[in-house]
Amino acid sequence: MDFSLNDMQAMLGESIDRFIANEYDFETRQAHAASERGFSPAVWQTFAELGWTVVPFAEADGGFDGTAVDLMVVMERLGRGLVVEPYLPNLVLAGGVLKRTATDAQRARWLQPLIGGERHAALAFAEPHARYGIGDIRTVARADGDGWRISGDKTYVLNARNAHDIVVPARVGDPSGDVGLFVVERAATGLEILDYPTVDGLQAADLRLRDVAVGADARLGAGDDALSVLETVVDEAILAVCAEAVGILQVLVDKTVDYSKNRVQFGVPIGSFQALQHRMVDMLTGLEQTRSLLWWATMTYAEGGDDAKRAVSAVKYQVGTTGRRIAEEAVQLHGGMGVTWELDVAHYFKRLIAIGRVFGDADWHLDKLAG
Amino acid sequence: MHVSFSPRDEAFRDEVRAFFASEFPSELRQKIDRGIPLERDDYIGYQKLLHARGWFAADWPVEYGGTGWTPVQKYIYASEMAAAEAPDVVAFGVKMVGPVIYTFGSDEQKKRFLPDILESNVWWCQGYSEPGAGSDLASLKTRADLDGDAYVLNGTKTWTTLAQYADWIFVLARTNTDVARRQEGISFLLVDMQTPGITVRPIITLDGEHEVNEVHFEDVRVPVGNLVGEEGKGWTYGKVLLQHERTNLAGVGRSKARLRKLRNRCTEPVHGGQPLASDRNFMRRLAATEVELKALEFTELRTLAAVAAGKAPGPESSILKIKGTEVSQAIDALTMDAAGYYALPFVPGQYVDGFDESQFIGDGKEALTSLHYFNNRKASIYGGSNEIQKNIVAKHVLGL
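This one's a predicted model, so the numbers in the text were calculated from it and none came from an experiment.

(A) Representation of the overall build of chain A within the structure. Within chain A one finds eleven helices and ten strands. The C-alpha atoms of chain A give a radius of gyration of 21 Å, which matches the 21 Å a tight globule of 371 residues would have. Its C-alpha atoms give chain A principal-axis dimensions of about 80 × 45 × 40 Å. Counting all 371 residues of chain A, 60% fall into the buried class. Put simply, 72% of the contacts in chain A that link residues at least 6 apart link residues at least 24 apart. Accessible surface computed for chain A: about 14200 Å², of which carbon and sulfur atoms make up 50%. Charged side chains in chain A number 35 positive and 52 negative. The centres of these two groups are separated by 5 Å.

Here you go:
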């Protein structure tokens, strides 16, 4: 049993911390979020140059051979910085599918430039009717000559606004067919991208696919159990956003405690009031419990333990319940300031709320755990 | 980062597991399975068995007859004991006063008291709380006034667990009232319960049980040789005692065993009707409690890993008591709720040796669920109430 980071992980974490401290303050983050593309291409290039984009990939792909623990280190730091650059949609989601399914030619075309920061990608994991069901897919890919024609609707496609390539899960042949995975490039005819910003300052889109024609080489991992690939990628993404959430919660607890020491009302700092002290202790307790679950789930997943699936649902449930409560308390304890656009706490709160729902909210995951 | 124990620790775990599987007395097992409360002799026999194996004083240094185990071994031992549903040892001697004596006591006190603690020849109880000093322990009023070769003890201690069985009591008493801080001027005394002037009055708790007592001291003469360490330093010694309580503070092992049993039962028909598993609300509450407990288990392991690496426990250790009692009380409630109407009969008389099982109300265990629920409301109150724990975390961890 060892809960310490190894040297590589510690260095990785420190380098991200340094970058955020020196080059990514809250005002910078807000400027990136409000910019033309919703993130800073220059910052994304920096991520690639510093080697952070290779973390989740195998050495054969030029990667770092990172485990779930390495990814946790990265995501928790990105959470603390409230980073808007599309690490999750590019590398964990689209990259997660590509690295498991792509042929050499497909890797050269889509994965390598993704890792290198030259292309952007997305994974269309959600459909409007399906709520949070990953396998509840109505989009259909019908064979057409050598290639495929894909029709259907997707929602909440993170990073679709900037994606060159979108991984689209679809039923093969007809609505009762097996799940297949297809890469649709953004210029494809019949693809309509309705993009929008989300409440947490990120970019997403709904997709309308109407007889979108793709070649035979657009299909990823034919013959693989594509649904199981998709579920694995989503499990890794859940661990990633939960690590991000722990970073966010740490900041919210720290900022709230600091604020309570400095904000004077009735002639004393509000942190001297026991009613508020106990609520902040509850916040801290919730944070540490969430961190414990994250560590358990991440290590269990990395070691391929039997209860990896349960572990993933458990930490997601925790973030959706306890995490949300902590974030709401952070806003409450900041008083009127907490509900202003100006204060960073409000934006950490909003990101936490978004994380609470992506890939299934607390009720969704508790239902799986109930058995 | 990895979660598994070393092969050496796993071998140790197997050894402990095998011991409890094969050596735990079957008559105690039957009593526990039937919900019959253990009595004085049950505990003493069990503790002597552990001592014969060399494991009774798990936390003591080797030189005083302890195990010399690493923090991880202590954790494994406590976890296996809990998983086997073997009872905890009675803490007052071996886990509380023993460490105070070997840390601060004189050589003579060590020779006189430690062997009898190790061999469970003497039953100790704890004289801390008073009717007017609960969470605010430093406000205690019991006085020990020096008179020749003895302190004269006057006052009342309360919530004294199993004082009706006790041979000795350790007492915090005020020896000096002229002090700058209330924590000063308190001394740590060892008192023979047979001394004239001591009376024990039962306090019956809401479950109808006699577990705790009030202990009155009226002009009780305590030889000066029974003062531990220096006069007036008792508060410091008392705090050390609390540190020895750290291991297994959260009760994770026991909570795990209880939740596992409850989940296993969920698929069985209840009194010929639907299984609990058909009640989605119940199953979701059960799952939520399992998540909370898993988080707590890892919070405790994080503390353990820090201690094993020679570091002071981090902020996570401060929350173990709060969360541990909250989770155990949540399990009490789930278990009681699972019993439906059968949680309501108040029939402690059926939990005695030799009761005719054909006369059970319910399945023989269900009526205990509410009694356990009521009894264990104490958990968030004793050992420094959870609100006191929050004050401590606010001050020492958050710096408020």
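Now that the structure has been shown, the text picks up again.
(B) Structural view of helix H10 (residues 344-357) of chain A. Residue and element names in this part refer to chain A. End to end, H10 covers 21 Å across 14 residues, agreeing with the expected 20 Å (1.5 Å per residue, within 8%). Counting buried positions along H10 gives ten out of 14 residues, so the element sits mostly inside the fold. Of all the positions in H10, only Asp-344, Val-345, Ala-346, His-347, Tyr-348, Arg-351, Leu-352, Ala-354, Ile-355 and Gly-356 are classed as buried. Residues of H10 that are buried in the fold lie against helix H2 (26-34), helix H4 (68-80), helix H7 (226-262), helix H9 (308-333) and helix H11 (362-370).

(C) Inspection of the pattern of salt bridges at higher detail. For the structure shown, the criterion picks out 52 salt bridges over all chains. Here Arg210(A) makes a salt bridge to Asp153(A), at a shortest N to O gap of 3.0 Å. Taken together, the residues span a long stretch of sequence, with Arg210(A) in strand E7 (residues 203-214) and Asp153(A) in strand E3 (residues 147-154) at a distance of 57 residues. Among the residues examined, Asp153(A) registers a relative accessible area of 32% and is labelled partly exposed. Linking Glu85(B) and Lys261(B) is a salt bridge whose minimum nitrogen-to-oxygen distance equals 2.9 Å. Taken together, the residues span a long stretch of sequence, with Glu85(B) in the loop between helix H4 (71-83) and helix H5 (91-104) and Lys261(B) in helix H8 (residues 252-265) at a distance of 176 residues. Residue classification places Glu85(B) among the partly exposed positions, given a relative accessible area of 27%. The class of Lys261(B) is partly exposed, set by a relative accessible area of 41%. Three or more residues are tied together by salt bridges with common partners; here these are Asp17(A), Glu76(A), Arg77(A), Arg80(A), Glu288(A), Arg291(A) and Arg302(B).

(D) Looking closely at the side chain of Ser385(B). Mapping Ser385(B) onto the fold places it in the loop between helix H11 (366-375) and helix H12 (386-396). Looking at Ser385(B), the relative accessible area reads 9%, which means it is buried.

(E) Spotlight on the domain arrangement of chain B. In terms of domains, chain B is made up of domain 1 (7-89), domain 2 (124-232) and domain 3 (249-396). One C-alpha centre belongs to domain 1 of chain B, the other to domain 2 of chain B; they are set 30 Å apart.

(F) Representation of the interface of chain A and chain B in the model. Every contact between the two is made by 38 residues of chain A and, on the other side, 36 residues of chain B. Across the chain A to chain B interface the summed buried area is about 3600 Å²; carbon plus sulfur atoms make up 65%. Of all residues in chain A, Met1(A), Phe3(A) and Gln289(A) give up the largest surface area on contact with chain B, accounting jointly for 20% of the area buried on that side. Taken together, the links from chain A to chain B amount to six salt bridges. As a salt-bridge pair, Asp282(A) and Lys390(B) come within 2.8 Å of each other at their nearest N and O atoms.

(G) Summary view of the packing of helix H9 (residues 280-308) of chain B against helix H10 (residues 320-338) of chain B. Residues and elements named next belong to chain B. Orientation of H9 relative to H10, taken along the N-to-C sense of each, is 155 degrees, at an axis distance of 10 Å. As summarised for this structure, H9 and H10 are arranged roughly antiparallel, according to the angle between their axes. For the crossing formed where H9 meets H10, the hand is left-handed. In this structure, H9 uses Phe-282, Arg-285, Leu-286, Thr-289, Glu-292, Leu-293, Leu-296, Thr-299, Glu-300 and Thr-303 to contact H10, whose residues at the interface are Leu-320, Lys-323, Gly-324, Val-327, Ala-330, Ile-331, Ala-333, Leu-334, Asp-337 and Ala-338. Residues belonging to the contact of H9 with H10 are distributed by class as follows: eleven nonpolar, four polar and five charged.

(H) Summary view of the domain arrangement of chain A. Residue and element names in this part refer to chain A. Each assigned domain of chain A is listed here: domain 1 (7-120), domain 2 (122-224) and domain 3 (227-370). Centre-to-centre separation of domain 1 and domain 2, based on C-alpha positions: 23 Å. Counting from both sides, the interface comprises 24 residues of domain 1 and, opposite them, 24 residues of domain 2. A combined buried area of about 1900 Å² lies between domain 1 and domain 2, and 53% of that area is made up of carbon and sulfur atoms. Per-residue buried area on domain 1 facing domain 2 is highest for Thr-101, Trp-110 and His-120; these three make up 27% of the total on that side. Applying the counting criterion to the domain 1 and domain 2 interface returns three salt bridges. For Arg-119, the salt bridge goes to Asp-165, with nearest N and O atoms at 2.7 Å. In this assembly, domain 1 and domain 2 are joined by 14 residue pairs in polar contact (both at pLDDT 80 or more). At the level of elements, H2, helix H5 (87-101) and helix H6 (104-115) are the ones that each hand at least two residues to the side of domain 1 that touches domain 2. Ranked by residues supplied to the side of domain 1 that touches domain 2, first place goes to H5 with nine residues. Here the residues of the side of domain 1 that touches domain 2 are counted per class, giving twelve nonpolar, five polar and seven charged.

Reading the values: rules and limits
Residues numbered from 1 in each chain as written. Chains lettered and ligands numbered in written order. Predicted model: local features only at pLDDT ≥ 70, side-chain atom pairs only at ≥ 80, totals over all residues. Heavy atoms only, no water. Helix = DSSP H or I, 4+ residues; strand = E, 2+ residues; numbered from the N terminus. Rg over C-alpha atoms; globule rule 2.2 N^0.38 Å. Buried < 20%, exposed > 50% of the residue type's maximum accessible area, 1.4 Å probe, protein only. Contact = heavy atoms within 4.5 Å. Areas by Shrake-Rupley, 256 points an atom, 1.4 Å probe, with all protein chains shown as cover. Lys, Arg positive; Asp, Glu negative; His and termini not counted. Charge placed at Lys NZ, Arg CZ, Asp CG, Glu CD. Expected span 1.5 Å × (residues − 1). Salt bridge = Lys/Arg side-chain N within 4 Å of Asp/Glu carboxyl O. Domains from an automatic or database assignment. Buried area = accessible area lost by both parts, 1.4 Å probe. Axes fitted to C-alpha atoms, helices over the stretch in contact; angles between N-to-C directions. Parallel < 35°, antiparallel > 145°, perpendicular 65-115°, else oblique. Left-handed = near helix turned anticlockwise from the far one by under 90°. Nonpolar A, V, L, I, M, F, W, Y, C, P; charged D, E, K, R; others polar. Polar contact = N/O pair within 3.5 Å; in protein donor to acceptor, adjacent residues only side chain to side chain.

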